[in-house]
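Here is what each chain is made of, one letter per residue.
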Amino acid sequence: MTKKEFLLELNIKIASLPEEERKEAIQYYSDFFDDCESDEKAMEELGSVEEVASKIIENFANAIATVNKKSSDDDEQTSTQTYDGLLFSFSKNKIKNLDFDFGAIEVIAIPGTKFLVETRGINPENFECRMNDSGTVIIRNKSRLANFKFWTHEHTGRFIPRILLTIPDKLTLETFRINLGAGRFECKDVNIITKESYLNVGAGNLVVKTLNSGLSNLRCMTGNLEIEGKMNGHINIDCYMGKTALQLSGNPDLYSYDAKVGLGSFEFNDFKKSGVSSDYANGKKENHFSVITGMGEVSIKIK
Amino acid sequence: MVFTVGSALLDAIVLAVVSKEGTYGYKITQDVRTVMEVSESTLYPVLRRLQKDGYLETYDVECNGRNRRYYKITSNGMILLDTYRREWIAYQKSIDQILTVGDIINND
């Protein structure tokens, strides 16, 4: 790993922090590398990126988010809208289900030892994060339009609400449910094992890597849905105008599919079709993809 | 070292190191490490917190074509350091009374 890679990785890992906090940390660690005899020595002294990042997050995650807003009379005036960052911690042994539902949000999931939810720039009155009696962790906004400023044209006031999820490695669930209206949900270095998964993306970008799931229901409106990992059992894919890409590990001979393709395209390993109202199918095995795509692109690769 | 270092003691040592001269991150780390084992990932949050609380200030100095961030102590930082010093001396005395002097008494 080079200095550049280390800092890049660090910046991603502390993405939930306010920009100023990130800049400070990056400046500090960039200096640290430059002042050390060699990158290797610096890395040796610093330890892992995870450790460095988690120490920073632990200390500064609750920094207050500030928004600069233009007042209506066009007077260049600054007002500050502050929402304290919130931190929720759940006992990983009690979690059976994850139910995430947000209108517009940026979420990054990182691996850790505890299950933590950290927010930034989210109005606590409109935010719900709790575990119910059946072991379901519910993370959602109470109103779908709550983060409407997500799309504001006033760039001075543009502020993106964020959540940092820390997920213990090999988290084993009954159901894994994500509803993302717009924005981004990235879960890349975390292993999630679940009996059932329901992943639903509207206009956003949902990326889940190293997912190991049974029965799966995937819906993608105009957004982008990317999954890597293993999937077994029945897998429903509804892709309206967006893009759905699965990269799975397994024996392709054990999988079958049926696909209804409107104007979009469908790809299953080497089999690739795009077409006007066509049905494709190759039988029905225990592991089966049932695909409907309007104008979207569905690509399934199994190796 | 067999004794654990509390966060107040770490704050005090960082303040003391910075109070001697304007200094930069890597050097602070090295200086602190001459007296205690502490990981680098622990030190940055300490520096940043002391800075945010107004006990340290930063400034940039050009060095080999880049800006290096320097830290210096503020007047509030000096006051805090002074408090820590006095606390330390009192603490040191009371510990000594039990730990070292007490030992001599037991040997009588």
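The structure under discussion appears in the preceding block.
Everything quoted here is computed from the prediction, not taken from an experiment.

1. A short note on the overall build of chain A
A tally of regular secondary structure across chain A gives four helices and 19 strands. Residues classed as buried in chain A amount to 50% of the 303 residues present. Restricting the contact set of chain A to residue pairs at least 6 apart, pairs at least 24 apart contribute 55%. Total accessible area on chain A is roughly 14600 Å²; 48% of this is exposed by carbon and sulfur atoms.

2. Overview of unusual backbone geometry
Residues and elements named next belong to chain A. Phi at Thr 210 takes a positive value of approximately 50°, unusual for a residue other than glycine. Tracing the backbone shows Thr 210 in strand β9 (residues 205-213). Backbone geometry at Asn 269 places phi at a positive 45°, although glycine is not the residue there. The topology assignment puts Asn 269 in the loop between β15 (265-268) and β16 (271-274). Taking the relative accessible area as the measure of exposure, Asn 269 reaches 19% and is therefore buried.

3. Details of the side chain of Thr194(A)
All names here are of chain A. Looking at the secondary structure, you find Thr 194 in strand β8 (residues 192-201). Assessed through its relative accessible area of 6%, Thr 194 is described here as buried. Among the polar contacts made by the side chain of Thr 194, one reaches the main-chain carbonyl oxygen of Glu 196 at a distance of 2.8 Å. Among all residues touching Thr 194, those that are not within four sequence positions of it are Leu 173, Glu 174, Thr 175, Phe 176, Leu 211, Asn 212, Ser 213 and Gly 214.

4. Some points on the sheet that holds strand β2 (residues 56-63) of chain B
All names here are of chain B. In space, the three strands of this open sheet follow the order β1-β3-β2, with antiparallel pairing throughout. Looking at which strands have only one partner, the edges of the open sheet turn out to be β1 (23-24) and β2. When β2 meets strand β3 (residues 66-73), the two strands line up antiparallel, connected through eight bridges. Bridging from a neighbouring strand, Asp 60 pairs with Arg 69 of β3. Sheet contacts for helix α3 (residues 40-52): β2 and β3; angle to β2, the most-contacted strand, approximately 115°.

The rules we used
- Residues numbered from 1 in each chain as written.
- Chains lettered and ligands numbered in written order.
- Predicted model: local features only at pLDDT ≥ 70, side-chain atom pairs only at ≥ 80, totals over all residues.
- Heavy atoms only, no water.
- Helix = DSSP H or I, 4+ residues; strand = E, 2+ residues; numbered from the N terminus.
- Buried < 20%, exposed > 50% of the residue type's maximum accessible area, 1.4 Å probe, protein only.
- Contact = heavy atoms within 4.5 Å.
- Areas by Shrake-Rupley, 256 points an atom, 1.4 Å probe, with all protein chains shown as cover.
- Polar contact = N/O pair within 3.5 Å; in protein donor to acceptor, adjacent residues only side chain to side chain.
- Pairing = 2+ DSSP bridges.
- Axes fitted to C-alpha atoms, helices over the stretch in contact; angles between N-to-C directions.

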